[in-house]
Amino acid sequence: MNETEQRICGCIDAHAQQLIAFAEDIYSHAELGYTEHRTARKVADWLQSCGMDVQTGLANTGVKASLGSAAPSVCLIGELDGIRSPEHPLAVPKTGMSHACGHHMQLTALAGAALALSQPEVAAALTGRAVFFAVPCEEHVPMNRLEQLRSDGIATCCGGKPELLLRGAFDDIDAAITTHAHMVPCQSDFLLGCNSTSGFLSKLIHIKGRASHTAIAPENGINALDVVTLARSAIGMLHSTFRDQDCIRIGEIVRMGDCAINVVPHEVTVDLQVRAKTWDALQTVNEQINRAYRGAAYAFGAEISIQDDMGYLPTIPAQPCQALTDAAKLLPATYEPVNPSVHNAASTDVGDLSHRMPIVNFTYGGFSGTLHGADFRITDKEKAYLYPAKLAALTLYHLLCDHAAQAQALLSDFHPAMTAEEYRAYAHKFGCQ
């Protein structure tokens, strides 16, 4: 290690207990997306204590601070929200929210990196701008809640990064460093690079039939649940036509209004998500689902409305950049690059970000159990909290030292799939304003 690298790691080691306390406080106070006010205040206070001016209230709860003012601008991201997992032992009793998603680990990496890089001797070695951005709502907002958020003027997108992209909060960022607890099987302490992830679209399908007495006059009714059953049967048969490489997944919840057992169910709402590895496959299967539901409604004579809403774009995969690999070599930890053949069928709004800028991503261990599950546990605080903070700080340093040569190389090799204007046009098509 050179002297600056030693300062970075030494600072994080010197404040290890403070960082662990920061992590565990957030771990036990998880909050719902777009309402992470307590978590945002804690992050803002930490960044202010590092001597940075802090912007707050971005997409309602986002927190952003930076060191330096020149180009290029590289952003380290942490996610503020938790996930509903009421059976987790650290779930908040009134809300059922927990950090079984591991987002508190990301925020600790951000806090440690901000502390280390804000040391005057380290900050002086940076060319460009190091940005620390705690963003709201990575966990998808279902459409019924999103309608309320839109009505209240809080948000128009189902995820925080799309909302911030739409509002221009990333327009001054050239590249982003993202982190997460391991999302695909990995025995190493670190997995370096971006796996591909599936994109998804949300759908709200409303079916209106006709109520009638099930015993006296069933012939006068139109059963909205039967429409759903027929549509599901058609979609089930379509599964045999889905290509394995497209990784198509369909999930749905059927909701009914109050209906007596002796009345033909006449009104049903279906909340549906369709996922696929590519945008083209996603659009194709989405149209197939629309045809299945419209055909089923036509067969029974029911009325139907289908509302498609913006989800998350597929993540564009990327091998680890040199700055990330060089940083990992400095730590007493095991690491490996992502396998290009491994696809993560989950979705993340990092996918949207990957269409706009280069993503430097790594995931890490230090936990056991299942992400989003009641059995998620932190098992190694050094690997869960301190190693990620060091790797994030060292990577950001390597990108911006030596006249930001590695950041410039990263940017010169990247060609965005969408410009800022094209992304906003895409979001506007789904009613996100």
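Anything mentioned here points back to the structure above.
The structure presented is a predicted model; accordingly, all values stated were derived computationally and were not measured.

Caption draft 1: Representation of the pairing of strand β10 (residues 199–208) within the structure. The element β10 is largely enclosed, with a buried count of eight among its 10 residues. The pairing of β10 with strand β12 (residues 267–276) spans 10 bridges and is antiparallel. Across the sheet, residue I205 finds its bridge partner in β12, namely V270. Alignment of β10 against strand β13 (residues 303–312), held across eight bridges, turns out to be antiparallel. Its bridge partner lying in β13, I207 is registered against I304.

Caption draft 2: Local environment of the pairing of strand β7 (residues 175–181). Among the seven residues of β7, seven are classified as buried, and the element is accordingly described as predominantly covered. Side chains of β7 alternate between two faces, with A175, I177, T179 and A181 and A176, T178 and H180 buried alike. Bridge analysis of strand β3 (residues 73–79) against β7 gives three bridges, and the strand direction is parallel. Across the sheet, residue C75 finds its bridge partner in β7, namely A176. Taken together, the six bridges between β7 and strand β16 (residues 359–364) define a ladder with parallel strand orientation. Residue pairing across strands places A181 opposite Y364, the latter belonging to β16.

Caption draft 3: Examining the side chain of T363 more closely. Tracing the backbone shows T363 in strand β16. In this structure T363 touches H180, A181, H182, D189, F190 and L191, once residues within four positions along its chain are discounted.

Caption draft 4: Structural context of the packing of aromatic side chains. Per the stated rule, a full pass over the model turns up 10 aromatic pairs. Relative to F170, the ring of F133 lies with its centre 5.1 Å away and its plane at 40°, an arrangement referred to as tilted. One end of the pair, F133, is in strand β6 (residues 129–135); the other, F170, is in the loop between α7 (160–167) and β7, and 37 residues separate them in sequence. When sorted by exposure, F133 lands in the same class as F170, which is buried. Aromatic rings pair up to connect F190, F362, Y364 and Y387 into one cluster. We note R275 situated over the ring of F200; from NZ or CZ to the ring centre the distance is 5.3 Å.

Caption draft 5: View of the packing of helix α8 (residues 224–238) against helix α9 (residues 279–300). One way to put it is that α8 packs onto α9 with a least axis distance of 8 Å and a crossing angle of 140°. In terms of orientation, α8 and α9 fall into the oblique class. Between α8 and α9 lies a crossing whose hand is right-handed. Residues D226, V227, V228, L230, A231, R232, A234, I235 and L238 of α8 pack against Q288, I289, A292, Y293, A296, A297, A299 and F300 of α9. By residue class, the composition of the contact of α8 with α9 is 14 nonpolar, one polar and two charged.

Caption draft 6: Quick peek at the pattern of salt bridges. Within this structure, the stated rule accounts for 18 salt bridges. As a salt-bridge pair, K64 and D172 come within 2.9 Å of each other at their nearest N and O atoms. Note that K64 is positioned in strand β2 (residues 62–67) and D172 in the loop between α7 and β7, a separation of 108 residues in sequence. Judged by its relative accessible area of 5%, K64 is buried. For D172, a relative accessible area of 33% gives the class partly exposed. The partner of D308 in a salt bridge is K203, with the nearest N and O atoms 2.5 Å apart. Separated by 105 residues along the polypeptide, D308 in strand β13 and K203 in strand β10 bring together distant segments of the chain. Taking the relative accessible area as the measure of exposure, D308 reaches 25% and is therefore partly exposed.

Scoring rules and cut-offs
- Residues numbered from 1 in each chain as written.
- Predicted model: local features only at pLDDT ≥ 70, side-chain atom pairs only at ≥ 80, totals over all residues.
- Heavy atoms only, no water.
- Buried < 20%, exposed > 50% of the residue type's maximum accessible area, 1.4 Å probe, protein only.
- Helix = DSSP H or I, 4+ residues; strand = E, 2+ residues; numbered from the N terminus.
- Pairing = 2+ DSSP bridges.
- Contact = heavy atoms within 4.5 Å.
- Phe/Tyr/Trp six-rings, centres within 6.5 Å; stacked < 30°, edge-to-face > 60°.
- Lys NZ or Arg CZ within 6 Å of the ring centre and 35° of its normal.
- Axes fitted to C-alpha atoms, helices over the stretch in contact; angles between N-to-C directions.
- Parallel < 35°, antiparallel > 145°, perpendicular 65-115°, else oblique.
- Left-handed = near helix turned anticlockwise from the far one by under 90°.
- Nonpolar A, V, L, I, M, F, W, Y, C, P; charged D, E, K, R; others polar.
- Salt bridge = Lys/Arg side-chain N within 4 Å of Asp/Glu carboxyl O.

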